[in-house]
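A structural walkthrough
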Amino acid sequence: MVESAGLEGAKGRERRIWRTLESVADPEIPVVNIVELGIVRRVRTGTDGRLSVGITPTYSGCPATEVITRSIRDTLDQNGFADVMLETVLWPPWSSEWLSESGRRKLEAFGIAVERPAGAQVACPRCASHQVERISEFGSTPCKAHYRCRECLEPFDTFKCL
Amino acid sequence: MSAPAEAGVAQASTAERVEYLLRLADTSLIAGQRLGELLGHGPALEEDLALGNISLDLIGQARLLLALAGRIEGNGRDEDALAFLRDAPQFRNMSLAEQPNGDFAETIVRQCLLDAWQLETYESLTGSREEALADIAHKAVKECRYHWRFSAGWLVRLGDGTDESHARLAAALGTLWRFTDELLTPDALDARMAVCGIGPAPGLIRERWEMRVSAALAEAKLQKPPHQHYPWHGKRGVHSEHLGHLLTEMQFVPRAYPGATW
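Residues numbered from 1 in each chain as written. Chains lettered and ligands numbered in written order. Predicted model: local features only at pLDDT ≥ 70, side-chain atom pairs only at ≥ 80, totals over all residues.

Here the focus is the overall build of chain B. Across its full length, chain B carries 12 helices and 0 strands. Counting helices and strands in the order they occur from the N terminus, chain B gives α-α-α-α-α-α-α-α-α-α-α-α. In terms of overall dimensions, chain B has C-alpha extents of about 55 × 50 × 30 Å along its principal axes. A total of 262 residues make up chain B; the buried ones form 46% of that total. Of all intrachain contacts in chain B linking residues separated by at least 6 positions in sequence, the fraction that spans at least 24 positions is 76%. (Helix = DSSP H or I, 4+ residues; strand = E, 2+ residues; numbered from the N terminus. Buried ≥ 20, exposed ≤ 12 C-beta atoms within 10 Å, placed from the backbone. Contact = placed C-beta atoms within 7 Å.)

See the structure below:
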């Protein structure tokens, strides 16, 4: 297949955009980037050759969404991608399954546990005990719930399973 | 922008589609603003955070819906213009959403009755022929599920709690039940949306809402109040006195300083 005009093919530019976006940290949880969080849904080249980045909000009311959109715009502009369009993608809706494995590990190392879908137990990020209880389904940000470890007695945040 | 044409299915007009979206959007917006009044005043830190988070979700849903209504309307009104530059008679929220927070029992009962309605409505709207609305509904329904878990959880805890908490919940139910008929009785626009494949089939939401709410009330050991037909028509722009007061606070800055930006 012959790639479109320019020194670099469309696929190459898309890959460079993905790598560039990996440098954008989540404003509330800066240990993870927005690609790991599953906020970047797609990078694609339209039939007219224009590139677009599709991003999805985690929660409808997440106040970080606007900051993230602005950071993505600035980062793209600074890296020579000023012509790349940003699009909001609502469907399929974001769920915690969009969180990458490396994102999960970084969150846990940072002290934020991650709820796993269907039955799998939350582990305390300090002592790894499964003797934990959920205090509230709501925490310091829309994406987190509030837990307590019954073993080491520490309270901790948990990334919700949505 | 139009809903995709399909042989044999009635086509809704732009005005009808905008009007219907405003009912959904305004109900979320006004309920979200009401809960926002409680920030820093929740009975405990966890409840304060929970109510604040639910408020954020509702305002987020309202923004998506208002932006869509503005795009379909095509007169250049964005979500801010629709939220901040309309007066009470132009709001289309359900009357229940604008009722004051009262004590914690009233807040919980209002949210419970409303959460059940939003949950069933958005669940059904995931199949709407208004595709952008279906996308929003897919997102909103996930949030409405945990809103309902929160409010129904408190309904049961307080209803099946002490004599005092039970009495307060029963009183709140008595006050707020009259506003539920508006949620569940389709009017001409609701019926039209159903025919056009945009809104839920008539009767569907009542059936599912009754099932959900009755089960929660039974678990909370609360008597379901008798059916009350009450002439509240918030969804047609006829509001209680409470909405105007809410709007004066919510709209003050954009009204006093038109075009102000951060």
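For the rest of this paragraph, the subject is the confidence of the model for chain A. Mean pLDDT over chain A works out to 90, with 94% of the residues at or above the 70 mark. Looking across chain A, the model is least confident in strand 4 (residues 112–114) of chain A, with a mean pLDDT of 91, and most confident in strand 2 (residues 51–55) of chain A, with 96. (pLDDT = per-residue confidence, 0-100.)

In this complex, chain B contributes 20 residues to the contact, which on the side of chain A involves 17 residues. Breaking the side of chain B that touches chain A down by element, the ones donating at least two residues are helix 2 (45–73) and helix 6 (131–159) of chain B. Grouping the constituent residues of the side of chain B that touches chain A by class yields 9 nonpolar, 4 polar and 7 charged. (Nonpolar A, V, L, I, M, F, W, Y, C, P; charged D, E, K, R; others polar.)

If you look at the biggest cluster of nonpolar residues, it comprises 109 residues, and the most contacted ones within it are L21 and L65 of chain B. The biggest single contributor to this core is helix 2 of chain B, with 14 residues. Looking at which domains feed residues into this core, each of domain 1 (10–94) and domain 2 (101–159) of chain A supplies at least three. Not counting chain neighbours up to four residues away, the residues in contact with L21 of chain B comprise L65, L68, A69 and L133 of chain B. (Core = buried A, V, L, I, M, F, W, Y, C linked by C-beta atoms within 7 Å. Domains from an automatic or database assignment.)

Turning to the environment of W18 of chain A, a few remarks are in order. Residue and element names in this part refer to chain A. Relative to the helices and strands, W18 is located in helix 1 (residues 10–21). Considering only alpha carbons, one finds W18 and W94, 76 residues apart in sequence, at a separation of 18 Å. Excluding its chain neighbours within four sequence positions, the residues that come into contact with W18 are V35 and V43.

Time to look at the packing of helix 5 (residues 104–125) of chain B against helix 10 (residues 204–219) of chain B. All names here are of chain B. As a packed pair, helix 5 and helix 10 sit with axes 9 Å apart at the nearest point and diverge in direction by 140°. With respect to their mutual orientation, helix 5 and helix 10 come out oblique. Once helix 5 is placed against helix 10, the crossing between them reads as right-handed. Contacts between helix 5 and helix 10 involve C112, L113, A116, W117, E120, T121 and S124 from the first element and L204, I205, R208, W209, R212, V213 and A216 from the second. Counted by class, the contact of helix 5 with helix 10 contains 9 nonpolar, 2 polar and 3 charged residues. (Axes fitted to C-alpha atoms, helices over the stretch in contact; angles between N-to-C directions. Parallel < 35°, antiparallel > 145°, perpendicular 65-115°, else oblique. Left-handed = near helix turned anticlockwise from the far one by under 90°.)

The next thing to look at is the environment of A260 of chain B. Position of A260 of chain B among the secondary structure elements: in the segment after helix 12 (252–256). Setting aside chain neighbours within four positions, we find A260 of chain B in contact with V253 and P254 of chain B.

Attention now moves to the sheet that holds strand 2 of chain A. All names here are of chain A. Strand order in this open sheet of 3 strands is 1-2-3, and the pairing throughout is mixed. Both outer strands of the open sheet, strand 1 (40–45) and strand 3 (85–88), are each paired with one neighbouring strand and no more. Geometrically, the sheet is characterised by an average inter-axis angle of 25° between neighbouring strands, direction not taken into account. Relative to strand 2, strand 1 runs antiparallel, the two being bridged by 5 bridges. By the bridge assignment, V43 is partnered in strand 2 with V53. Here helix 1 sits on the sheet in contact with strand 1 and strand 2, set at roughly 155° to strand 1. (Pairing = 2+ DSSP bridges.)

Looking now at the pairing of strand 2 of chain A. In this structure, the hairpin formed by strand 1 of chain A and strand 2 of chain A is closed by a connection of 5 residues, where G49 of chain A is found at a positive phi of approximately 85°. Between the parallel pair strand 2 of chain A and strand 3 of chain A, the chain is carried across by helix 2 (residues 64–78) of chain A, and the sense of this crossover is right-handed. (Right-handed = clockwise from strand over helix to strand, strands pointing away.)

What follows concerns the packing of helix 6 of chain B against helix 7 (residues 163–176) of chain B. All names here are of chain B. At a minimum axis distance of 7 Å, the contact between helix 6 and helix 7 shows a crossing angle of 125°. In terms of their interaxial angle, helix 6 and helix 7 are classed as oblique. Only S165, H166 and L169 of helix 7 make contact with helix 6, whose side of the interface consists of L155, L158 and G159. Looking at side-chain class alone, the contact of helix 6 with helix 7 contains 3 nonpolar, 3 polar and no charged residues.

Attention now moves to the confidence of the model for chain B. Summarising the model, chain B shows a mean pLDDT of 95, and 97% of its residues fall at 70 or more. Interface predicted TM-score (ipTM) for the complex: 0.85; the corresponding pTM is 0.92.

Residues and elements named next belong to chain A. Strands sit in the order 4-7-6-5 across an open sheet of 4 strands; the sheet is mixed. Two strands lie at the open edges of the sheet, namely strand 4 and strand 5 (132–136), each paired on one side alone. Averaged over all pairs of adjacent strands, the angle between strand axes in this sheet comes to 45°, irrespective of strand direction. Here strand 4 pairs with strand 7 (residues 155–159) via 3 bridges, running parallel. Across the sheet, the residue bridging to I112 is D157, located in strand 7.

Another point: the domain arrangement of chain A. Residues and elements named next belong to chain A. For chain A, the domain assignment lists domain 1 (10–94) and domain 2 (101–159). With 10 residues of domain 1 at the contact, the number on the domain 2 side is 9 residues. Residues that form the side of domain 1 that touches domain 2 fall into these classes: 6 nonpolar, 2 polar and 2 charged.

Let's shift gears to unusual backbone geometry. Residue and element names in this part refer to chain A. The omega angle of the peptide bond from W91 to P92 is -5°, so this bond is cis rather than trans. Topologically, P92 is positioned in the loop between strand 3 and helix 3 (101–110). Residue A128 is not a glycine yet carries a positive backbone phi of 65°. With respect to the element layout, A128 can be found in the loop between strand 4 and strand 5. Assessed through the 12 C-beta atoms surrounding it within 10 Å, A128 is described here as exposed.

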